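# Observations on chain architecture
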Amino acid sequence: MGWLDRERTIAPPGFNRWLVPPAALAVHLCIGQAYATSVYKTALVKHFGASLTEIGVIFSVAIVMLGLSAAIMGTWVDRNGPRKAMFTSAAFWASGFLIGSLGIFSHQLWLVYLGYGVVGGIGLGIGYISPVSTLIKWFPDRPGLATGMAIMGFGGGALIASPVSTALLKMYDPNSGAKGWVASGESVGKLFLTLAVVYLAYMMFGAFTIKVPSEGWKPAGFDPAKVKAASLVTTDNVSARNAVKTRQFWLVWIALFCNVTAGIGILEQAAPMIQDFFRQPDGTSLASAAVAAGFVGLLSIGNMSGRFAWSATSDVTGRKRIYMVYLGVGAVLYTVLALAGSTSTVLYVALAFVIISFYGGGFATAPAYLRDLFGTFQVGAIHGRLLTAWSAAGIAGPLIVNAFLDAQGKPGALNAASYQPALLTMVGLLVIGFVANLLVTPVDARFHEPRPGRVRSEEPALEG
Amino acid sequence: MSSAQSSVTPSTGRLVIAWALVGVPLAYGVYETLTRVAALFG
């Protein structure tokens, strides 16, 4: 399989670097399907006679595997290059769907856990980090824009998968015209088979389009000295092994964890939350189910566009400043949402939209932040380790919100005031993240990789 | 060895096809979502 090796993917002279973002997008748009599982959730509950929680575990396992595989495989991805990583990710992602469909056809839920959750989750993790360091190397002048474009795809993938999956389920199920229709298990199995084939083809397009720049390549007119002018941007390199020993890595980890936890708090509860916020004294809500569905759609757009727009903006403002906006302005907006969100639907929707755009922006800006602090040497592997913050937030966010809401009353009887403790807790988290980001300083020189002619006497110890 | 390299594409067609392959589905997804969002303002 030598044709997958990094050496075989070095770009020839004249290669257009703008071919790299669509290659990265091809992978991220496919793995972004992970956020469209709600389309067939009810169908799987009925097919397996299982609870919502038991079916929800499929998604949870996939996200945990994403974080673990990104953390564990990051160094392998950096060493072997993006083509082999994307190829491997495609094989895992498509196999996950195939094994999952086998589980559905044979009524074996554990096979769906193993397939979509474990095998597919590994594909998610490798796929998520696979193009990141390559993009940063192709766009040293605009790393935020480049990673924003790719990671935007992860948000956009669900926007595509959701309507396409619904249309396919209707096509595969002869009873789709019936009143109160829920897709049959067989149609979900066929959907999984279709997605396996389509995603494999798309991701292979990405794998065979991507190329790495040759040693020493830089874009025309690019002056590295101008980038270095920013105090937090290094021209040195830190290995992934040493990066996790630095205070800076863990401060960025805390900032990302707080930002993601706060965002997930809204995303998880989006549909019932808008209805509860505008619940009238007689128990009815001013926000109908259709309005709630529209609100969820708007948040998806905010999540996707924030990834691109805020990350691209960070190339101008600097990474630390944009994180101050995500966390500081985010905390203020969250406070207004908690205390005055129920006074106007327009205010509520606008606040939630901006907050979710910050959530997406935090994800997309993280790789460029790591590049600034640790250099390009093993930025993919360091990014993989940072994504454990996402896995942790995926557990903490829903736990915090659900625990507070459970204490406030039963679903359907909640109102705006019921959400205040949970939202104000998120404000506290954002403030903690803001302080952590504020404390980020340049990485100490003892963690830098030796340059030619310079030798490091001993391995640096953990930073106190 | 550092060599600044021009970004002029040898094949604009390849670039257009690559962006269309990802851009068209993404535009479709955004359009479908916006039709749902319309309920918010309807």
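Parameters and conventions
Residues numbered from 1 in each chain as written. Chains lettered and ligands numbered in written order. Predicted model: local features only at pLDDT ≥ 70, side-chain atom pairs only at ≥ 80, totals over all residues. Heavy atoms only, no water. Helix = DSSP H or I, 4+ residues; strand = E, 2+ residues; numbered from the N terminus. Buried < 20%, exposed > 50% of the residue type's maximum accessible area, 1.4 Å probe, protein only. Areas by Shrake-Rupley, 256 points an atom, 1.4 Å probe, with all protein chains shown as cover. pLDDT = per-residue confidence, 0-100. Contact = heavy atoms within 4.5 Å. Salt bridge = Lys/Arg side-chain N within 4 Å of Asp/Glu carboxyl O. Axes fitted to C-alpha atoms, helices over the stretch in contact; angles between N-to-C directions. Parallel < 35°, antiparallel > 145°, perpendicular 65-115°, else oblique. Nonpolar A, V, L, I, M, F, W, Y, C, P; charged D, E, K, R; others polar. Buried area = accessible area lost by both parts, 1.4 Å probe. Polar contact = N/O pair within 3.5 Å; in protein donor to acceptor, adjacent residues only side chain to side chain. Domains from an automatic or database assignment. 1 Å grid on protein atoms, 1.4 Å probe; cavity = no way out; pocket = protein on both sides within 12 Å on 5 of 7 lines; lining within 4 Å. Points joined across faces, edges and corners; volume = space filled by probe spheres on them. Left-handed = near helix turned anticlockwise from the far one by under 90°. Phe/Tyr/Trp six-rings, centres within 6.5 Å; stacked < 30°, edge-to-face > 60°.

## Brief notes about the overall build of chain B
Within chain B one finds one helix and one strand. The buried share of chain B, taken over its 42 residues, is 24%. Entry remark: accessible area of chain B is about 2700 Å², with carbon and sulfur atoms responsible for 71%.

## Here we look at the confidence of the model for chain B
Mean pLDDT over chain B stands at 79; residues scoring 70 or higher make up 74%. When the criterion is pLDDT under 50, residues 1-8 of chain B qualifies, and its contacts beyond four places in sequence or with other chains add up to 20 contacts.

## Considerations on the pattern of salt bridges
Residues and elements named next belong to chain A. Under the defined criterion, the tally for this structure stands at eight salt bridges over all chains. Of the charged contacts, one joins Asp 372 and Arg 319 as a salt bridge, the two residues approaching to 2.8 Å between their closest N and O atoms. Placement of the pair is Asp 372 in helix α13 (residues 345-374) and Arg 319 in helix α12 (residues 319-340), with a sequence separation of 53 residues. In this structure, Asp 372 and Arg 319 share a single accessibility class: buried. We note a salt bridge from Asp 444 to Arg 446, for which the minimum N-O separation is 3.5 Å. Among the charged side chains, a network of salt bridges with common partners joins Asp 315, Arg 319, Arg 371 and Asp 372.

## Regarding helix α14 (residues 379-386) of chain A
Along α14 of chain A, seven of the eight residues are buried, which leaves the element largely enclosed by surrounding structure. Within the span of α14 of chain A, buried status applies to Val 379, Gly 380, Ala 381, Ile 382, His 383, Gly 384 and Leu 386 of chain A.

## Considerations on the packing of helix α6 (residues 143-172) of chain A against helix α11 (residues 289-317) of chain A
Residue and element names in this part refer to chain A. Running from N to C, α6 and α11 cross one another at 175°; their axes reach a closest spacing of 7 Å. It follows that α6 is roughly antiparallel to α11 by the angle criterion. From α6, Pro 143, Gly 144, Leu 145, Thr 147, Gly 148, Met 149, Ile 151, Met 152, Phe 154, Gly 155, Gly 156 and Leu 159 reach across to α11, where they touch Ser 300, Ile 301, Met 304, Arg 307, Phe 308, Ser 311, Ala 312, Ser 314 and Asp 315. Of the residues assigned to the contact of α6 with α11, the class counts are 11 nonpolar, eight polar and two charged.

## A word on the interface of chain A and chain B
Across the contact, 41 residues belong to chain A and 28 residues belong to chain B. With both sides pooled, the region where chain A packs onto chain B buries about 2900 Å², and carbon together with sulfur makes up 68% of that total. Our count for the contact surface shared by chain A and chain B stands at zero salt bridges. Applying the counting criterion to the chain A and chain B interface returns three residue pairs in polar contact (both at pLDDT 80 or more). Breaking the side of chain A that touches chain B down by element, the ones donating at least two residues are α1 (20-31), α6, α7 (185-209), β1 (217-219) and α11 of chain A. Residue composition of the side of chain A that touches chain B, by class: 31 nonpolar, seven polar and three charged.

## Overview of the domain arrangement of chain A
Residue and element names in this part refer to chain A. Domain annotation for chain A reports domain 1 (2-219) and domain 2 (227-447). For domain 1 versus domain 2, the distance between C-alpha centres works out to 23 Å. Between domain 1 and domain 2, roughly 2600 Å² of surface is buried when both sides are summed, and carbon and sulfur atoms account for 70% of that area. The largest per-residue losses of area from domain 1 upon contact with domain 2 belong to Ile 136, Met 152 and Leu 159, which jointly make up 17% of the total buried on that side. At the surface where domain 1 touches domain 2, the tally comes to zero salt bridges. Run the count over domain 1 and domain 2 and you get nine residue pairs in polar contact (both at pLDDT 80 or more).

## Considering empty space enclosed by the protein
All names here are of chain A. Enumeration over the complete set of coordinates arrives at two cavities of 30 Å³ or more. Of the pockets and cavities examined, the largest cavity occupies roughly 60 Å³. As for the largest cavity, its lining consists of Asn 259, Ala 262, Gly 263, Tyr 326, Gly 330, Tyr 334, Ile 355, Phe 358, Tyr 359 and Leu 430. Listing elements by their share of the lining of the largest cavity, those giving two or more residues are α10 (247-277), α12 and α13. Considered as a void within the structure, the second largest cavity measures approximately 40 Å³ in volume. Contributing to the lining of the second largest cavity are Gly 265, Ile 266, Met 273, Tyr 334, Val 401, Tyr 419, Ala 422, Leu 423 and Met 426. Residue assignment for the lining of the second largest cavity shows that the elements contributing at least two residues are α10 and α16 (416-438). Sort the elements by how many residues they give to the lining of the second largest cavity and α16 lands first, with four residues. Each residue belonging to the lining of the second largest cavity can be placed in one class, and the counts come to eight nonpolar, one polar and no charged.

## Quick look at the packing of α6 of chain A against helix α1 (residues 12-41) of chain B
Where α6 of chain A contacts α1 of chain B, the two axes come as close as 8 Å, and the packing angle between them is 60°. Relative to α1 of chain B, the element α6 of chain A lies oblique. Crossing of α6 of chain A over α1 of chain B shows left-handed handedness. Contact residues: α6 of chain A offers Met 149, Met 152, Gly 156, Leu 159, Ile 160, Pro 163 and Val 164 of chain A, while α1 of chain B offers Trp 19, Pro 25, Leu 26, Tyr 28, Gly 29, Val 30, Glu 32 and Thr 33 of chain B. Tallied by class, residues from the contact of α6 of chain A with α1 of chain B come to 11 nonpolar, three polar and one charged.

## What to know about unusual backbone geometry
Residue His 107 of chain A is not a glycine yet carries a positive backbone phi of 60°. Considering the arrangement of structural elements, one finds His 107 of chain A in the loop between α3 (52-105) and α4 (109-129).

## A word on the side chain of Thr 33 of chain B
Among the structural elements, Thr 33 of chain B can be located in helix α1. The residues contacting Thr 33 of chain B, other than those within four sequence positions of it, are Leu 159, Gly 297 and Ile 301 of chain A.

## Looking at the packing of aromatic side chains
Residues and elements named next belong to chain A. In the structure shown here, the tally under the stated rule is 29 aromatic pairs over all chains. Here the aromatic rings of Trp 93 and Phe 97 are separated by 5.0 Å at their centres, their planes lie at 75°, and the arrangement is edge-to-face. Taken together, the residues span about one helical turn, with Trp 93 and Phe 97 both in helix α3 at a distance of four residues. The pair Trp 93 / Phe 97 is uniform in exposure class, with both members buried. Aromatic ring contacts, followed pair by pair, group Tyr 35, Phe 59, Tyr 128, Phe 154, Tyr 359, Phe 363 and Trp 390 into a single cluster.

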